[in-house]
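The primary structure of each chain is shown beneath.
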Amino acid sequence: MGKRERTESEKKKSKKRSKKEKVKAVQQETSEVQSPTKKEDTKEDKKRLQKRRKTIFLKKKIDVELSLLPGSLHNTEDAVQNSLNQLLMKYSDGLGGIMLACENVHIKKDGKGEGRGWILNELPWIHYTVSCDALVFRPFVGCELQGVVNECFPS
């Protein structure tokens, strides 16, 4: 079997790709040339990193929509707290990190001043909007974390 002939559109696409790769290579070279070499710039970078280090842990006021089964309505506040506890120590895209703790949990009130849930379609779950203060762990690329290794397994 011989090689397949490339069509004109394929040839044009490959030319465009090669041009884009050349442009990227030139941009990388110029960014390497323009990298900071002064001591002042590195000090400023260190200061920025130190400021960002402090923001690894963030306290955030969040609103969460929770769905509770009708069996949990005898004690709604405990059921809401249990649902929030299930979200702890798990990554959340909405928070941009891992929720470590939450406090000041309140069920949001409707226009009449009552914390009511709502049912959608024929589904059995009752939906509540809950607000709380959450402690979020959100490390960033380049941050340094200090810790102690307690156990080590061969893997």
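Each remark here, short or long, concerns the structure printed above.
None of the values given here were measured: they were computed from a predicted structure.

A word on the pattern of salt bridges
Okay, so step 1: Throughout the structure, instances matching the rule amount to two salt bridges.
Okay, so step 2: Between D63 and K108 there is a salt bridge; the shortest N-O distance is 3.3 Å. Of the two residues, D63 sits in strand β1 (residues 57-68) while K108 sits in the loop between β3 (97-107) and β4 (118-119), which places them 45 residues apart along the sequence.

So, the side chain of H127
Okay, so step 1: Relative to the helices and strands, H127 resides in strand β5 (residues 126-137).
Okay, so step 2: The class of H127 is buried, set by a relative accessible area of 13%.
Okay, so step 3: Of note is the side chain of H127, whose polar atom sits 2.8 Å from the side chain of S67.
Okay, so step 4: In contact with H127, other than residues within four places in its own chain, are L66, S67, G117, W118 and L120.

Some words on the nonpolar core
Okay, so step 1: Ranked by internal contacts, the top residues of the largest apolar core, which has 17 residues, are I62, L66, V80, L84, M99, Y128 and V130.
Okay, so step 2: Of all the secondary-structure elements, those providing two or more residues to this core are β1, α3 (76-87), β3 and β5.
Okay, so step 3: When neighbours within four sequence positions are excluded, Y128 is seen to be in contact with V64, E65, L66, L68, L73, T76, I107, G115, R116, G117 and W118.

Here we look at the pairing of β5
On any regular strand, side chains alternate: one points to one face of the sheet, the next to the other face.
Okay, so step 1: Among the twelve residues of β5, ten are classified as buried, and the element is accordingly described as predominantly covered.
Okay, so step 2: Judged from the seven bridges that link them, β3 and β5 form a sheet pairing that is antiparallel. Residue pairing across strands places E103 opposite D133, the latter belonging to β5.

Some details on the packing of aromatic side chains
The description of an aromatic ring pair uses the distance of the two centres, along with the angle that the planes make with each other.
Okay, so step 1: Evaluation of the coordinates by the stated rule reveals one aromatic pair.
Okay, so step 2: Residues F57 and F137 carry aromatic rings whose centres are separated by 5.2 Å and whose planes lie at 40° to one another, so their mutual orientation is tilted. Residue F57 is found in strand β1, and its partner F137 is found in strand β5; the two are separated by 80 residues along the sequence.
Okay, so step 3: Exposure remark for F137: the relative accessible area of 18% places this residue in the buried category.

Reading the values: rules and limits
- Residues numbered from 1 in each chain as written.
- Predicted model: local features only at pLDDT ≥ 70, side-chain atom pairs only at ≥ 80, totals over all residues.
- Heavy atoms only, no water.
- Salt bridge = Lys/Arg side-chain N within 4 Å of Asp/Glu carboxyl O.
- Helix = DSSP H or I, 4+ residues; strand = E, 2+ residues; numbered from the N terminus.
- Buried < 20%, exposed > 50% of the residue type's maximum accessible area, 1.4 Å probe, protein only.
- Polar contact = N/O pair within 3.5 Å; in protein donor to acceptor, adjacent residues only side chain to side chain.
- Contact = heavy atoms within 4.5 Å.
- Core = buried A, V, L, I, M, F, W, Y, C linked by side-chain atoms within 4.5 Å.
- Pairing = 2+ DSSP bridges.
- Phe/Tyr/Trp six-rings, centres within 6.5 Å; stacked < 30°, edge-to-face > 60°.

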